[in-house]
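If you want the building blocks of each chain, they are given just below.
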Amino acid sequence: MTRLVLEAKGLAREYGPVVAVDDVNLSLGEGEFLTVFGPNGAGKSSLLGMLGGAMRPTRGHVLIRGQRLAYSDVEWRHQVGILSHRGFLYGQLTVEENLRFYGRLFGLTDLDQRIPERLERVGLADRIRFQVRQLSHGMRQRLSLARALLHDPDVILLDEPYTGLDPSAAGVLRGVLAGLRDGRRTVVMVTHNLKEGLELATRVAIQVSGRFAWEGTQADVGGEAFERHYHRVVEGRS
Amino acid sequence: MTRLVLEAKGLAREYGPVVAVDDVNLSLGEGEFLTVFGPNGAGKSSLLGMLGGAMRPTRGHVLIRGQRLAYSDVEWRHQVGILSHRGFLYGQLTVEENLRFYGRLFGLTDLDQRIPERLERVGLADRIRFQVRQLSHGMRQRLSLARALLHDPDVILLDEPYTGLDPSAAGVLRGVLAGLRDGRRTVVMVTHNLKEGLELATRVAIQVSGRFAWEGTQADVGGEAFERHYHRVVEGRS
Amino acid sequence: MRTYIDQIRAIIWKDLVLELRTRERIAAMGAFAVLAAILFNFSIDTTSTRPEDVAAGLIWMTLVFGGLLGVGRTFYLESQDNALLGLLTSPVPKDAIYLAKTLANFALLFIVSVLVLGVFALFFGLDLGANVGGIILVLGLGSLGFVALGTLFAAISTGTTMGETLLPILVFPLLVPMVIYGVTSTGRLIAGRPFDEVEGNVRMLGAFAVAALAAGAMLFRYVVED
Amino acid sequence: MRTYIDQIRAIIWKDLVLELRTRERIAAMGAFAVLAAILFNFSIDTTSTRPEDVAAGLIWMTLVFGGLLGVGRTFYLESQDNALLGLLTSPVPKDAIYLAKTLANFALLFIVSVLVLGVFALFFGLDLGANVGGIILVLGLGSLGFVALGTLFAAISTGTTMGETLLPILVFPLLVPMVIYGVTSTGRLIAGRPFDEVEGNVRMLGAFAVAALAAGAMLFRYVVED
Amino acid sequence: MATAGMRRGGTALTLVGLAGLVFVYWMSFFWVSTEINQGVVQRIFYVHVPAAWTSFMAFGFSALASAMYLWLRDDRLDRAALCAAEGGLVFGTIVLTTGPLWGKIAWGTYWTWEPRLTLTLLLWFIFVGYFMVRNSTEDPEKGKRFAAVVAIIGALDIPFIHMSVIWFRSLHPEPVVAKPDGPSLPADMLTTLLTSLAVFTVIFLGLFLYRYALEGLRAEADLRSRSTAT
Ligand code: HEM
Ligand SMILES: Nc1ncnc2c1ncn2[C@@H]1O[C@H](COP(=O)(O)OP(=O)(O)OP(=O)(O)O)[C@@H](O)[C@H]1O
Ligand SMILES: Nc1ncnc2c1ncn2[C@@H]1O[C@H](COP(=O)(O)OP(=O)(O)OP(=O)(O)O)[C@@H](O)[C@H]1O
Ligand SMILES: [Mg+2]
Ligand SMILES: [Mg+2]
């Protein structure tokens, strides 16, 4: 097996009485791509939040390359890229300024080349001078994606990345994600689109009421049959 | 032909130098269901905004049942229901309070029965006392949908309603939309999901760079072939 | 008409619920008034200055400050999930939205200003005597005029759409006459002069409030339309 | 270290660009300052009260209240598209975020307070003479101390359900010592006394600012972690 | 069970303290000599000053526990900080009632705006803020962190209060006990004062332990109700 990159041990998150994530264990090596499916409110976003260090677990902990996440340390954050439901973008800054701002926070120095190149890749090159609030929904999602991957992270956490993308942008994203399967990265993706989700995954999980109700690999998943399987798992558990 | 309900004549919307919607003409009768596809930034949301009276056209105008939209008049708004990218929800109010608030604005009197019934339908009944900001992404989308349809509008405008919904909620939505095809309503839906979009449509349009680059009916659309057709239209025009 | 009033009530109810969610807000405002009074006390040397002379100015300063703070929040709440657009696309006349917002703001600001008056009277040992009613009337009219303009002002500067930076600068000078009338009348009343003496000023304040309300109700639609 | 400074610069740059684009805070603070000056001009009877006696107090009151208005909005900007979370998940130490926010706020507040000084000098006909430099130094240190505490507590109050209302309740009690030093030294300098006479007070102001900055930089991480 | 023991201990200490209080009253009313300048009123001193010091101690302890909580994230530390802050508020309230009573007789007014008095009042306010912050977040963890920060910064006010009589011209008496060159007080007065201080400290500890045990029980109950709910 390849080197372990991202692990979760007994991870749990509660919001007052609501148990959003409940005892999730996980270990992902280099080059692995985990897709998490699950009904609304199953705790997928909360799980990603904890894996990315955006949220402290109520119980349990996360390890990156064997190191327990230290919230006061910032070094490991260079390795992580997060795309969440909310874009983390400033509406009043332009597309270019948003990326430049994040680039500087990550200590990148080649922003003058990097930014146009990335914008080209997500098809936003002609909007570089637009303020974010002037962008359409899908353009914003493209920009969030560019932002999340700007610093070439090794660990990539994507929460419903296909949201709002038109068919060609979805195609581009598929290409980008396939490009990430270069054996050096670890990806966790949450999506509701079974087809898109299965396409690139090396591993698949179905989260229900906070727990992983089912886990498997590509091989366990028989194409068309997966949809029925998903519904069976979800109904069996919730 | 059935009675005309929703018409657009030479509709255009510019944001400074950007032409978002460009000379769109449209006429939809009772019972018609128009799906609009198109790349990000094509102007679909802007078009819906104008059809729903949320945004004034730069040129052209909209008619509802032959009456030109008067922005100072509020009567016709009773007939229109809008689901936009943004949910129009108050994060600090509970699910129930949000619906009650909108219900009162629309002058509904049977809210005590109506609200629980609608929440049941979108599968949020158990969250009735939750504040909206405590909901997950998909739950919020379900609530926005309930809000948009709360007053049983005749003209329904949906901007990417499937966003964030899990497979079963998507199934529920499909049911709700099918229920709307009762011959008395007029629906315009924007989506990027070709399959979901075609399923219920009686008419289909592909918008590119503000204009309707292609329009047709269910019959013109040959199942699988539509995806190729879509890409051809988009590439030919943009 | 019944719908109109019910819609206004729905909006006010919603605004006040949102306020109450932030629970002890009234208590917080009380504490705020006390602390402001303490702070004033330290910043003004009461051996060389008589409290009566400055109290009116300080009360109005708190009113203006509280008003700016409160009114500024009005549309922030609405902008969170674009809820304002939800309001604008519902069958509520624009002037109803404006009136509801203004009244909700007024309720809050008026409570604060009466609270501030009480605290100041206590701390500075002001003898308000028979003029209490008059002062409260003045503060009420002042609050109303302030929120009537302030709500419009806030809608503009929240940059719903049309709001570029020129308009606030146009609205702002309008507040000045009101503040002048308000402070002068409050000051005289605190000094124990009879109400008759300030009646003209109070009329002006009233006229100002009414004019501001009318202008706001009429102009609001142009500020928020898209 | 180079990255650290560059990160701070990036955040300050971003905050100031946003402020220049929207002018939200500077407009509110400026409007408040000018209104306050006008208020006092009309509320204080200059025959019985010498302007020099109250000017220092009023300047500081305006500074405190104006600062509150400005500082309270610091984290609003960030909350729009959850941008604060973007900041917190980037490899920027929390104290750098704190320092950057504090400095950006300082820049705004300092400008406003110098503005207020100018407006008051103009309205009350104060003769600042050779002490201008000293007064500006005092206001600068005061602003720094204020934003150092204010930014920390703004982060706290934004995180509570009470929002901005809580901010004054938390900061006022802590500000009092600073205001006492500030007002006394400003008052003396306005009265034309030599700088030596207030040097001790100014030192205390400086010490307060440094202590507040240090405490803020150390404690901020506990406020924003999630 | 440890909590039950603690509660019993707390109750016992409080009772001992209350008994001690009777003794202190006896001392201050019958035993100690009357101060020459102020007369009988001066006897408030034996409640006023120990209460002030006990509240300082309580707030200081609360700040310390808060700092440790931020470091170690042990809920017990947070509970300790909370209970100490409550104790501080109780004794602070005693200072803020005895002071004005004394003031009415000694100065002819209940209250003046004077640095030590004001800062004492503000310290009290800060800890009211402590409770407000705690209760106004929906995530309890967040409330605990926020409150801890408030307690730490609030406690920084204490040295200001102590020094305020020296730094500013002031009505309030300057230190007669807690000053660099030692107490300047007749021996019997000092003895009474120190006895009283000891008794107040015992009462504080008693109340503290009792409340701490109670909070512990409540936390356990919370945990139990949650695990049965899921
Ligand atoms: C009116 C409200 C009052 C408040 C809030 C108040 C507060 C305090 C506080 C907080 C302390 C402890 C300070 C320290 O040791 O650092 C203290 C000590 C003391 N107070 Fe008061 N006080 C008040 C009124 C008075 C009055 C009227 C008198 C007598 C004329 C008085 C006499 C003293 C004395 C003698 C001490 C001990 C000083 C020392 O040895 O350090 N206090 N007071
Ligand atoms: N801030 C919050 N306060 C209280 N409860 C919350 C909060 N955020 C999330 N929750 C609750 O936690 C649970 C999990 O939410 P989460 O957002 O992780 O779900 P999800 O799996 O991402 O759902 P979706 O597919 O709809 O995005 C939900 O029941 C939600 O109501
Ligand atoms: N407020 C605005 N100011 C300036 N330009 C805007 C504004 N809103 C939208 N635009 C521009 O108008 C065009 C159309 O936007 P619109 O949101 O209608 O697209 P859309 O078809 O809905 O795209 P998507 O599929 O991404 O949601 C885009 O080019 C966008 O940049
Ligand atoms: Mg989610
Ligand atoms: Mg759109």
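All values reported here derive from a predicted model rather than from experimental measurement.

1. Concerning helix α1 (residues 2-31) of chain E
- A rise of 1.5 Å per residue sets the reference length of α1 of chain E, with its 30 residues, at 44 Å; its end C-alpha atoms lie 41 Å apart and thus fit the reference within 8%.
- Every buried residue of α1 of chain E is accounted for by Thr3, Gly10, Thr14, Gly17, Gly20, Leu21, Val24, Met27 and Ser28 of chain E.

2. Section: the site of ligand 2
- Around ligand 2 sit 21 residues in total, of which Ser45 and Ser46 of chain A together with Gln134, Ser136 and Gly138 of chain B are the nearest.
- More than one chain lines the surroundings of ligand 2; the residues nearby belong to chains A and B.
- A distance of 2.6 Å separates an oxygen atom of ligand 2 from a polar atom in the side chain of Ser45 of chain A.
- Here ligand 2 loses 89% of its free accessible area of 630 Å² to cover by the protein chains.
- Elements that contribute at least two residues to the shell around ligand 2 include exactly β2 (18-29) and α1 (44-51) of chain A together with α4 (137-149) of chain B.
- Of the residues contributing to the shell around ligand 2, the split by class is seven nonpolar, 11 polar and three charged.

3. As for the side chain of Asn131 of chain C
- Mapped onto the elements of the fold, Asn131 of chain C is located in the loop between α5 (94-124) and α6 (132-157).
- Given a relative accessible area of 11%, Asn131 of chain C falls into the buried group.

4. A look at the environment of Leu157 of chain A
All names here are of chain A.
- The topology assignment puts Leu157 in strand β7 (residues 155-159).
- The buried category is assigned to Leu157, whose relative accessible area is 1%.
- In the structure, Leu157 is positioned 120 residues away from Phe37 in sequence and 14 Å away in space, judged by C-alpha atoms.
- Beyond its immediate stretch of four places on either side in the chain, Leu157 contacts Leu6, Leu48, Leu51, Gly52, Val80, Gly81, Ile82, Leu83 and Val188.

5. Quick look at the pairing of strand β1 (residues 4-15) of chain B
Residue and element names in this part refer to chain B.
- For β1 and strand β2 (residues 18-29), the ladder comprises eight bridges, and the chain directions are antiparallel. The residue of β2 that forms the bridge with Arg13 is Val21.
- Hairpin connection between β1 and β2: a loop of two residues separates the two successive antiparallel strands, and Gly16 in this loop has a positive phi of roughly 55°.
- In this sheet, strand β4 (residues 59-64) lies alongside β1 in antiparallel orientation, the contact comprising five bridges. Residue pairing in the sheet places Ala12 in a bridge with Arg59 of β4.

6. Considerations on the coordination of the magnesium ion (ligand 5)
Residues and elements named next belong to chain B.
- Protein coordination at the magnesium ion (ligand 5): the donors are Ser45 (OG) and His85 (NE2), at 1.9 to 2.3 Å from the metal. Highlighted residues: Ser45 in helix α1 (residues 44-51) and His85 in the loop between β6 (80-83) and α2 (95-105), separated in sequence by 40 residues.
- Residue classification places Ser45 among the partly exposed residues on the basis of a relative accessible area of 30%.
- According to the relative accessible area criterion, His85 is partly exposed, its value standing at 26%.

7. Quick word on the pattern of salt bridges
- Applying the stated criterion across every chain, the model contains 61 salt bridges over all chains.
- For Asp95 of chain D, the salt bridge is made with Arg221 of chain D, and the minimal N-O distance between the two is 3.6 Å. Taken together, the positions of Asp95 of chain D in helix α6 (residues 94-124) and Arg221 of chain D in helix α9 (residues 199-224) put the pair 126 residues apart, joining distant regions of the chain.
- Under the relative-accessibility criterion, Asp95 of chain D is labelled buried at 19%.
- Note that Asp74 of chain E and Arg76 of chain E form a salt bridge whose closest N and O atoms lie 2.8 Å from each other.
- Residue Arg76 of chain E is classed as partly exposed on the basis of its relative accessible area, which comes to 48%.
- Taken together, the salt bridges that share partners define one network made up of Asp110, Arg114, Glu117, Arg118, Arg121 and Asp152 of chain A.

8. Concerning the site of ligand 1
All names here are of chain E.
- Among the 25 residues in the neighbourhood of ligand 1, the closest are listed as His48, Trp53, His162, His172 and Val176.
- Between ligand 1 and the protein, one listed contact pairs a nitrogen atom with a side-chain N or O atom of His48 at 2.7 Å.
- Here Trp53 contributes a side-chain N or O atom positioned 2.7 Å from an oxygen atom of ligand 1.
- At the level of secondary structure, the elements contributing two or more residues to the shell around ligand 1 comprise α2 (45-72), α3 (75-106) and α4 (115-135).
- With seven residues, α3 is the largest single contributor of residues to the shell around ligand 1.
- Class assignment for the residues of the shell around ligand 1 results in 18 nonpolar, six polar and one charged.

9. What about the packing of aromatic side chains?
- Under the definition given, this model contains 27 aromatic pairs over all chains.
- Ring plane angle 80° and centroid distance 6.5 Å describe the contact between Phe37 of chain A and Tyr230 of chain A, whose orientation is recorded as edge-to-face. Remark: Tyr230 of chain A occurs in helix α7 (residues 225-237) and Phe37 of chain A occurs in strand β3 (residues 33-37); sequence separation between them is 193 residues.
- One aromatic cluster is present, formed by Phe61, Phe91, Phe200, Phe204, Phe208 and Tyr212 of chain E through successive ring pairs.
- If you follow Arg127 of chain A out to its NZ or CZ, it ends over the ring of Phe130 of chain A, 4.7 Å from the centre.
- It is Arg147 of chain A that lies over the ring of Tyr102 of chain A; its NZ or CZ is 4.4 Å from the centre.

Each value, and the rule that gives it
- Residues numbered from 1 in each chain as written.
- Chains lettered and ligands numbered in written order.
- Predicted model: local features only at pLDDT ≥ 70, side-chain atom pairs only at ≥ 80, totals over all residues.
- Heavy atoms only, no water.
- Helix = DSSP H or I, 4+ residues; strand = E, 2+ residues; numbered from the N terminus.
- Expected span 1.5 Å × (residues − 1).
- Buried < 20%, exposed > 50% of the residue type's maximum accessible area, 1.4 Å probe, protein only.
- Near = heavy atom within 4 Å.
- Polar contact = N/O pair within 3.5 Å; in protein donor to acceptor, adjacent residues only side chain to side chain.
- Areas by Shrake-Rupley, 256 points an atom, 1.4 Å probe, with all protein chains shown as cover.
- Nonpolar A, V, L, I, M, F, W, Y, C, P; charged D, E, K, R; others polar.
- Contact = heavy atoms within 4.5 Å.
- Pairing = 2+ DSSP bridges.
- Donors = N, O, S within 2.8 Å, 3.2 Å for Na, K, Ca; no water.
- Salt bridge = Lys/Arg side-chain N within 4 Å of Asp/Glu carboxyl O.
- Phe/Tyr/Trp six-rings, centres within 6.5 Å; stacked < 30°, edge-to-face > 60°.
- Lys NZ or Arg CZ within 6 Å of the ring centre and 35° of its normal.

Keep in mind these numbers describe shape, not what the thing actually does.
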